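Survey of secondary and tertiary structure
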Amino acid sequence: MRPPARRQRGGVLRRRRRRRGTGDRGKRPVNAEEQARRLDASDPLPTLRDEFLVPPAPGGTYDEAAYFAGNSLGLQPRTVAERLTEELDDWARLAVEAHTQGRRPWVDYHELLREPAARLVGALPHEVVAMNSLTVNLHLLMASFYRPAGTRTRIVIEDSAFPSDSYAVASQAVHHGLDPSTTVVRLEPRPDEENLRTEDVLGFLEREGRTVALVLLGGVNYLTGQLMDMPAITKAGRAAGAVVGWDLAHAAGNVPLRLHDWDVDFAAWCTYKYLNGGPGAVAGCFVHERHVRDASVPKLSGWWGTDPSVRFRMDPDIAPPASADAWQLSNPPILALAPVLASLEIFDRVGMDALRAKSERLTAHLASRLAPLNGLEIITPPDPASRGAQLSLRVDDAGALVRRLADAHGVIADAREPDVVRLAPVPLYCTFHDCHRAADAFVRLLN
Ligand SMILES: *Cc1c(COP(=O)(O)O)cnc(C)c1O
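Computed from a prediction, not measured in an experiment: that's the story for all the values here.

What follows concerns the pattern of salt bridges. Counted under the stated rule, the structure contains 36 salt bridges. We note a salt bridge from glutamate 193 to arginine 197, for which the minimum N-O separation is 2.5 Å. Exposure remark for arginine 197: the relative accessible area of 29% places this residue in the partly exposed category. In this structure, aspartate 263 engages arginine 238 in a salt bridge whose closest nitrogen and oxygen atoms are separated by 3.4 Å. Here the residue aspartate 263 occupies a position in the loop between strand 8 (243-247) and strand 9 (266-269), and arginine 238 occupies one in helix 9 (residues 230-239), the gap between them amounting to 25 residues. Since its relative accessible area comes to 31%, arginine 238 is described here as partly exposed.

The next subject is empty space enclosed by the protein. All chains considered together, the criterion is met by one cavity of 30 Å³ or more. Its volume calculated, the largest cavity comes out at about 80 Å³. Lining the largest cavity are 13 residues; nearest its centre among them are Ala117, Trp269, Thr271, Gly284 and Leu344. Mapped by element, the contributors of at least two residues to the lining of the largest cavity are helix 4 (111-121), strand 4 (128-130) and helix 11 (334-350). Broken down by class, the residue content of the lining of the largest cavity amounts to 11 nonpolar, two polar and no charged.

Note on terminology: a disulfide is the covalent bond linking the sulfur atoms of two cysteines. Overall, the coordinates contain zero disulfides when judged by the stated rule. With no disulfide of its own, cysteine 270 lies closest to cysteine 285 among cysteine sulfurs, the gap being 13 Å. On the basis of relative accessible area, cysteine 270 is assigned to the buried category, the value being 2%. The thiol sulfur of cysteine 430 is not disulfide-bonded, and the nearest other cysteine sulfur, from cysteine 435, lies at 6.7 Å.

Another point: the pairing of strand 5 (residues 154-158). Buried residues dominate strand 5, accounting for five of its five residues. Where burial is concerned, the two faces of strand 5 agree: the one with Arg154, Val156 and Glu158 and the one with Ile155 and Ile157 are both buried. Across three bridges, strand 5 lies against strand 7 (residues 212-218) in parallel orientation. Of the residues in strand 7, the one forming a bridge with arginine 154 is valine 212. As paired elements, strand 5 and strand 6 (residues 184-187) share four bridges and run parallel to each other. Along strand 6, the bridge assignment pairs isoleucine 157 with arginine 186.

A separate point is the sheet that holds strand 7. Either a parallel or an antiparallel arrangement is found when strands of a sheet pair, and the pairing is made through backbone hydrogen bonds. The seven strands lie next to each other as 4-10-9-8-7-5-6, forming an open sheet whose pairing is mixed. The open sheet is flanked by strand 4 and strand 6, the only strands paired with a single partner. Neighbour-to-neighbour, the strand axes of the sheet open up by a mean angle of 15°, direction not taken into account. Strand contacts of helix 4: strand 4 and strand 9, with the helix running at about 120° to strand 4, the strand carrying the most contacts. Those strands touched by helix 9 are strand 7 and strand 8, and its axis lies near 150° from that of strand 8.

According to UniProt, the positions carrying the feature "modified residue: N6-(pyridoxal phosphate)lysine" (unreviewed entry) are Lys273. With respect to the helices and strands, the residue lysine 273 is situated in the loop between strand 9 and strand 10 (284-287). Those residues within four positions of lysine 273 in sequence are excluded, and the remaining contacts are Gly70, Asn71, Ser72, Leu73, Gly74, Ala249 and His250.

On to the nonpolar core, then. Grouped together as the largest cluster of nonpolar side chains are 96 residues, with contacts concentrated most on Trp246, Leu259, Trp269, Leu370, Leu428 and Phe442. The residues that make up this core include at least three from each of domain 1 (32-71 + 351-446) and domain 2 (81-349). Those residues in contact with leucine 259, other than ones at most four positions away along the chain, are Val121, Gly122, Leu248, Val264, Ala267, Trp269, Phe286 and His288. In terms of nonpolar packing, the next biggest core, distinct from the first, is built from 30 residues, Val129, Phe145, Ile157 and Ala213 among them.

Reading the values: rules and limits
Residues numbered from 1 in each chain as written. Predicted model: local features only at pLDDT ≥ 70, side-chain atom pairs only at ≥ 80, totals over all residues. Heavy atoms only, no water. Salt bridge = Lys/Arg side-chain N within 4 Å of Asp/Glu carboxyl O. Buried < 20%, exposed > 50% of the residue type's maximum accessible area, 1.4 Å probe, protein only. Helix = DSSP H or I, 4+ residues; strand = E, 2+ residues; numbered from the N terminus. 1 Å grid on protein atoms, 1.4 Å probe; cavity = no way out; pocket = protein on both sides within 12 Å on 5 of 7 lines; lining within 4 Å. Points joined across faces, edges and corners; volume = space filled by probe spheres on them. Nonpolar A, V, L, I, M, F, W, Y, C, P; charged D, E, K, R; others polar. Disulfide = S-S within 2.5 Å. Pairing = 2+ DSSP bridges. Axes fitted to C-alpha atoms, helices over the stretch in contact; angles between N-to-C directions. Contact = heavy atoms within 4.5 Å. UniProt positions renumbered as here; feature names shortened; annotations may be inferred. Core = buried A, V, L, I, M, F, W, Y, C linked by side-chain atoms within 4.5 Å. Domains from an automatic or database assignment.

Shown next, in the form of structure tokens:
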């Protein structure tokens, strides 16, 4: 590898390469860095990296980080500051009047996110609402849709569920007077395998579905990056008589979704990972049309869940609309919604299909560079259709490796102790050159 003469801007092809003589062209072997730069220059979806604030590299030879932690916290779109400033400005100029007189009146600010969010997850507009945070939404949705009765009481999650989901379902069981150790079923991969097989999930639902009240899996697993077969599992769960909800924390903004067509009962997602909505940003939730039309579905209610046309009559009795808005409790945090709005504008412009196509190209490129290396094992499924924008690597001492990736090479990844490193080649702002930097860093660190 040629040592770079000076620090250069990471990722984007900035300098025009000098044309070599024709005799040279195509003969000199192309090194991996050059190949990555060529892939960036020729990709059908040019990088949108310039629309994001990429942090400086903590170490190494490039100014900017190669940022692979967008599955933990996405980067800040440059438009966020402007969107936020507009709301701060309206607050300063108009104060309470901004609820109705602001440039985006706050009383129905959440309406601005409805259509972009619906497009993002494949929903009808009245099936989605932006509110609260992810775990809160899971609880609110379980309050409506986890209705254990008779022998149908069990909740099915995956053994590698994110801890918050494990805690949430266990506490729901307790809330209903049930024993979580027998109520919560944790589906495990086969021995010596890393990922759940769809056929095993379907087989379980066929065999034991009559005891299952709720199936609540991650659409994309946070640890392994496995993309579940959401349509098949939803169909099987519902055929078994269970309610099927999805945690889309790692799926929203990562893979195309068709929640309405798949007949999903409910779903929730956070917006600070692939959706770049900022730390702790307002989450999303989906309730299928057949439930929003059904007034008998029990809900935990608050004043933002009543019909907006009568909200300010301050009646003691709620009049919920036939939409996911009926699950809202409080007036929403405008300053936390503004960044989400800015971010959704980007997704709307690019479209999930184009993003997913690029995501598959980037992840495949990174996989092709990492797979031959000794000292790591890729535990993410090799089939591009069964994974999102993530590769999870089993390594020795993940924490130390991740620190050296950052300090010596400016490559930001994350460690799930003790032995998993996660890399998310996010197609909006990660480049083939970033993938090269990551692979090159692994070569050096594993030697
Ligand atoms: C990130 C993540 C969470 C985080 O929950 P918050 O309520 O947003 O803090 C929960 N579940 C899954 C699967 C996640 O990936």
